[in-house]
Every structure is written in C-alpha cells, then in structure tokens.
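Working through the structure, step by step
Below are the chains, spelled out letter by letter.
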Amino acid sequence: MKDIFDLIKEQNYSDLSNEELDFGKELFETEEEFNDLKKFLLKSENVYSIEKVSPKVKEDLDALFTESKSYKKIIIRYAAIAAIFVLGFYIIPFDEVQRDFSKGTTQLADNHELIQKEKQDDKLDKEPMFRSSKSEESKLTKQNEIKSDLAAQEKAVLKDDIVIQEDEDQHQVAIIREAKREVNHSAKPKQLQYDRVEKESEILVGSPSIANENRSAVSDKDGIFLQHQSANKYAVSLKEINLENDECWVAF
Amino acid sequence: MKFLRTYNQYTDEHLMKLICEKDKKAFNELYNRYAAPMKGYFKRMLWKDNEKAEDFVHDLFAKIIRKPESFDIRRSFKTWFYSVANNMCKNEYKKQEVRKNVSNGLDQIYNVYDTSTNVLNEVTDKLFKEDFEKSLVEMNAKHAEIFVLRHIQGLSIKEIAEVLDLSDGTVKSRLFYATKYLAQLLKVHDPILNRE
C-alpha cells in the first residue's frame, strides 16, 4: 500500500490532487518544499549500496543447520522408539501373557479350584463394604451414607447366596461366609438410627414389636433378618444386634 | 505442490513453514532475501560496526535455525523478523550503555565517525552519505529507527507499527518529524541533490 512518501517520490507536485496535497500538508506547503523533499528521499533511498555479507556467516549457519537437523533426527528416533513401546504396552494383552507365563513356569493355572477361588475373591473385592475395617467404620457419620451401604450389603449377601447355592465346593462356601461375617460386623455402627426393642426374645419372626407395614422379620438358614420392605433392600442379621442392658437395638 | 514451484516463488511465511520441517533450500532462500538488508539494518543501528553487524546477522538467522517454531506463521514474517532484530539492537544499546557507564565515559565506541572531514571542500555522494549517517545517529533514536525502517529498509507504516509495537499514528508522526528534520538538516547538500 502506497503512502505519502511513495507519492512524493513518484509524482510531480502538479500531478497531486487536492486530497493528496491536503494529506501532505504536514510535510510540505510549497512546490519548492515538495521538490526538496523529493530529492532528499530519493537520495537517501539510494545512499546505501547493497550490503555484502561475508560467506563465513553463511558457512557457519549451514553447519548449524546440519547440526540441528541431525539432532532432530536423533530426537525423532528416540520418540519413535518410545511410541512403539507405549503402543505395545496397550496393544499386547498383558493379563494373558502373564497367565501364560505363570502356566509355563509354575503350573498353578492348571488348578481349577484355585482359579475359581480367585474369581470369587475378585467378586468380593469389587464390593467395597466387604473390605471395610473397624477403623473405617468409626469415620462413618452420616446416616444416609450408611443406609446406602446397608443396601449394598444386602445386594452382596443376596449375590453371595446365589454363589453359595451354585457352588458345591465347601471351601469356597467358607470363604463367602467369612466375607459375610465381615459385612455384618461392619453393619453395626453406633451412628445408625435405631429401632428400640425391649428384649431379645421379642425379636421373633413376625414379632409385632419390630414388624410393621414397612418392615418384617424373616429367617433363613443363616439366621434371622429384619427386612425393610419399602426399600426391599435392607436386611440386618439379628445375630449382630447390639445388646445393652437387656435392651435390643436394631439398626436400619 | 512443492516440486512444481521454485523456492523464490514461496512467501516468507511458507518458507518458514518449510524450515520448521528442516528444509535447507527454504532456509537458503530466506537467507538470500534477508541477509543483506538485515546487515544494512544492523550496521545502521549499531554505529556502522561492520563486524558486529555480521555477527548479528548470524545470530538472527541462528535463531531461525534453532527455534523456527517461535515464529507464528499467521503473522507476517517480515515484521516478526524486524521485531527480533530490533530487540537485539535494543539489548545491544543496553549493554553498551552499561559498558559506557563502567568506563566512566572514556569509551569512545560511539565516535565511529571522522568528524574532521571537511564538509565544505568535498562535494560528493560520499560526503552526503557520511553526513546523512551522522545526522541519523545524532537524531533521537526513536525517530531514527522509524526513518531507517521506512526509507532504507522499505517497510510500510503499518509494518513498522507492528515491528515496534506502536500505533500507526505514532509511527506516522515520528516519521514525518524525522523526514522533515533530516531534509532540513541536509539542505546544505543542495548542490549534490540538485546535481541529479
């Protein structure tokens, strides 16, 4: 885009339009001033001959360019190796590789019983309440959190019962029961809302003191349970009811 | 499309893109376009010190080789390049200022011109050039750099504004002032000017 200086250099004063004259008013007011400026600009523009740069500068830069190019190549090579390694890590099914490896070295994978036990253990691990410890219990303070925990427990218990029925292996049944004991143990935090029962003897199947339209007592081979019917999920083993001063407190 | 065109047909920005991919020919082309003007620029900005100007040209192009990605290809290469060069000069001014203060004014680095030249006796282009350069150095640096960028390096007002991070209006007013000031100052060379 041409500016006023280009106009001064390229045109004569008489060729300038009123608009251009007005635009150049800050630089010249008369034709003489215009011509002086024109000569000065043309002279100063040509005062410098084209500078020659020493070939040494270019040689040094060429060397630097080659150096940086090879450096980049090395970086790219390492990056490619790293990328292959990372991709390989995600593509190769390491579980299977490890299992095959175990099979080849220790022969433990042939033991069907152990695999089944492992699967059961995995199931238990997926239920967080099964692993809760006594110290963790004391941290639970909110009633609603615990209620949802109890719901999760019942789910786990029901799930485990199915497993028990299906599984003929007594050893595994023992494992499941062990897990259930853990659950029930963790299911008696003191912060729970309690329903008061006068005596343990009153807690019977269908007992009016604890059974109402919302809950009822049920029993099975593992003991007596109090079931909250509205939610249809809450179940507390009465074996774990907290007995204090001949009073029985049932946690919901 | 690279093989269908010669490198001298590419824009500066396109060449920079190719330099990012380590294209040596693209670098050569850019060097051919800018090495000489940049040397001239550095020479004028750095007290006519030829060696220093060449060092600066080297350092400037080395920046392109080492970190070509520092240039944003959406910008104009020319203005970016001159901005970098301008910043290098400013850093050099600071260095020289420190050196000057340390040497308690004994450093004569600024006096690179032979002031004993008898202006009245030699009516030549050389004299005009020397006087012109002297006037540039003596002039306020803010005005001089704009004059050089516009009238010697051939940048537009808009490009100068971008290089120096100034408004178009500021560039214009400084440029008008510098041009008028120098034209007035060098009017003593009228015979030379009129000779054309």
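Basis of the calculations
Residues numbered from 1 in each chain as written. Chains lettered and ligands numbered in written order. Predicted model: local features only at pLDDT ≥ 70, side-chain atom pairs only at ≥ 80, totals over all residues. Heavy atoms only, no water. Helix = DSSP H or I, 4+ residues; strand = E, 2+ residues; numbered from the N terminus. Buried < 20%, exposed > 50% of the residue type's maximum accessible area, 1.4 Å probe, protein only. Contact = heavy atoms within 4.5 Å. Areas by Shrake-Rupley, 256 points an atom, 1.4 Å probe, with all protein chains shown as cover. Phe/Tyr/Trp six-rings, centres within 6.5 Å; stacked < 30°, edge-to-face > 60°. Expected span 1.5 Å × (residues − 1). Polar contact = N/O pair within 3.5 Å; in protein donor to acceptor, adjacent residues only side chain to side chain. Patch = residues over 30% accessible without salt bridge, like charges linked within 9 Å, V, L, I, M, F, W, Y side chains within 5 Å. Salt bridge = Lys/Arg side-chain N within 4 Å of Asp/Glu carboxyl O. Core = buried A, V, L, I, M, F, W, Y, C linked by side-chain atoms within 4.5 Å. Buried area = accessible area lost by both parts, 1.4 Å probe. pLDDT = per-residue confidence, 0-100. Arc of directions from axis to C-beta. Axes fitted to C-alpha atoms, helices over the stretch in contact; angles between N-to-C directions. Parallel < 35°, antiparallel > 145°, perpendicular 65-115°, else oblique. Left-handed = near helix turned anticlockwise from the far one by under 90°. Nonpolar A, V, L, I, M, F, W, Y, C, P; charged D, E, K, R; others polar.

Right, let's talk about the overall build of chain B for a bit. Looking only at helices and strands, one finds nine helices and zero strands in chain B. Counting from the amino terminus, helix and strand elements in chain B follow one another as α-α-α-α-α-α-α-α-α. Considering chain B as a whole, with its 196 residues, one finds that 45% of them fall into the buried category. Residue pairs at least 24 apart in sequence account for 59% of intrachain contacts in chain B once pairs closer than 6 positions are excluded. For chain B, the exposed area adds up to about 10,300 Å²; of that, 50% sits on carbon and sulfur atoms.

Counting across every chain of the model gives 26 aromatic pairs over all chains. The interplanar angle of 70° and the centroid separation of 6.1 Å between the aromatic rings of Tyr13 of chain A and Phe28 of chain A together place this pair among those described as edge-to-face. Linking Tyr13 of chain A in the loop between helix H1 (4–10) and helix H2 (18–23) with Phe28 of chain A in the loop between H2 and helix H3 (31–46), this pair joins segments that are 15 residues apart in sequence. Ring centres 6.1 Å apart and planes at 55° place the aromatic pair Phe40 of chain A and Phe132 of chain B in the tilted group.

Further remarks concern helix H3 (residues 50–66) of chain B. All names here are of chain B. Helix length check: H3 (17 residues) gives 24 Å between terminal C-alpha atoms against 24 Å at 1.5 Å per residue, within 8%. By the burial criterion, the buried members of H3 are Lys52, Ala53, Glu54, Phe56, Val57, Leu60, Phe61, Ala62, Ile64 and Ile65. Sitting at the head of H3, Asp49 places a side-chain oxygen 3.3 Å from the backbone nitrogen of Glu51.

Residues and elements named next belong to chain A. Judged by side-chain polarity, Phe85, Val86, Phe89 and Tyr90 come together as a nonpolar surface patch covering roughly 520 Å² of accessible area. As for its placement among the helices and strands, Val86 is situated in helix H4 (residues 55–91). We classify Val86 as partly exposed; its relative accessible area is 44%.

Residues and elements named next belong to chain B. With 76 residues, the main nonpolar core has Met38, Tyr41, Phe42, Phe61, Ile64 and Phe132 as its most contacted residues. Among the elements that make up this core, the one with the highest residue count is helix H2 (residues 24–45) (10 residues). Aside from chain neighbours lying at most four places away, what touches Phe42 is Ala53, Phe56, Val57, Leu60, Ala85, Met88 and Cys89.

At the interface, 32 residues of chain A touch 46 residues of chain B. For the pair chain A and chain B, the summed buried area comes to about 3,700 Å², and 67% of that belongs to carbon and sulfur atoms. Counting the surface chain A buries against chain B, the share from its top three residues, Phe40, Tyr48 and Phe65 of chain A, is 20%. Where chain A meets chain B, there are three salt bridges. The salt bridge involving Lys24 of chain B is made with Asp62 of chain A; its shortest N-O contact spans 2.8 Å. For the interface between chain A and chain B, the tally reads eight residue pairs in polar contact (both at pLDDT 80 or more). Broken down by secondary-structure element, the contributors of at least two residues to the side of chain A that touches chain B are H1, H3 and H4 of chain A.

Residues and elements named next belong to chain A. For chain A, the mean per-residue pLDDT works out to 62, and 35% of the residues sit at or above 70. For residues 128–138, every residue scores under 50 in pLDDT, and the model assigns this stretch 19 contacts once sequence neighbours within four places are set aside. This stretch, residues 160–169, has a pLDDT under 50; its non-local contacts, to residues over four places away or in other chains, come to 15 contacts.

Further remarks concern helix H1 (residues 12–20) of chain B. All names here are of chain B. Restricting attention to buried positions, one finds in H1 the residues Asp12, Leu15, Met16, Leu18 and Ile19. In a view along the axis of H1, the buried residues occupy a sector of 160°, so they form one face of it. Count one or two residues on from H1 and you reach Lys22, which has phi positive near 65°.

Now for the pattern of salt bridges. Residue and element names in this part refer to chain A. Tallied over the full model, the rule gives 14 salt bridges over all chains. Of the charged contacts in the structure, one is a salt bridge between Asp60 and Lys56, with a shortest N-O distance of 3.1 Å. Note that Asp60 and Lys56 are positioned in helix H4 at a spacing of four residues, about one turn of the helix. A salt bridge links Lys58 to Asp62; the shortest N-O distance between them is 2.8 Å.

A separate point is the packing of H1 of chain B against H2 of chain B. All names here are of chain B. Their axes nearest at 8 Å, the elements H1 and H2 cross at an angle of 140°. Between H1 and H2, the angle is such that the two are oblique. Remark: the crossing between H1 and H2 carries left-handed chirality. Contacts between H1 and H2 involve Asp12, Leu15, Met16, Leu18 and Ile19 on the former and, on the latter, Ala26, Phe27, Glu29, Leu30, Arg33 and Tyr34.

What follows covers the confidence of the model for chain B. All names here are of chain B. Mean pLDDT over chain B works out to 81, with 80% of the residues at or above the 70 mark. H3 holds the highest mean pLDDT among the elements of chain B, 94, whereas helix H9 (residues 190–195) holds the lowest, 49. Counted against residues more than four places away or in other chains, residues 192–196, with its pLDDT under 50, gives 14 contacts. In the predicted assembly, ipTM is 0.72 and pTM is 0.50.

A separate point is the packing of helix H6 (residues 141–152) of chain B against helix H7 (residues 157–164) of chain B. Residue and element names in this part refer to chain B. Contact geometry for H6 and H7: axes closest at 10 Å, N-to-C directions at 135°. Relative to H7, H6 is oriented oblique. In this structure, H6 meets H7 at a crossing whose hand is right-handed. Listed contacts from H7 to Glu145, Ile146, Leu149 and Arg150 of H6 are Ile160, Val163 and Leu164. Of the residues that constitute the contact of H6 with H7, the class distribution is five nonpolar, no polar and two charged.

Our focus in this paragraph is the environment of Val163 of chain B. All names here are of chain B. Note on placement: Val163 falls in helix H7. A C-alpha to C-alpha distance of 9.5 Å links Val163 and Leu149, two positions 14 residues apart in sequence. Excluding residues that lie within four positions of it along the chain, Val163 makes contacts with Thr79, Tyr82, Ser83, Asn86, Leu149 and Leu155.

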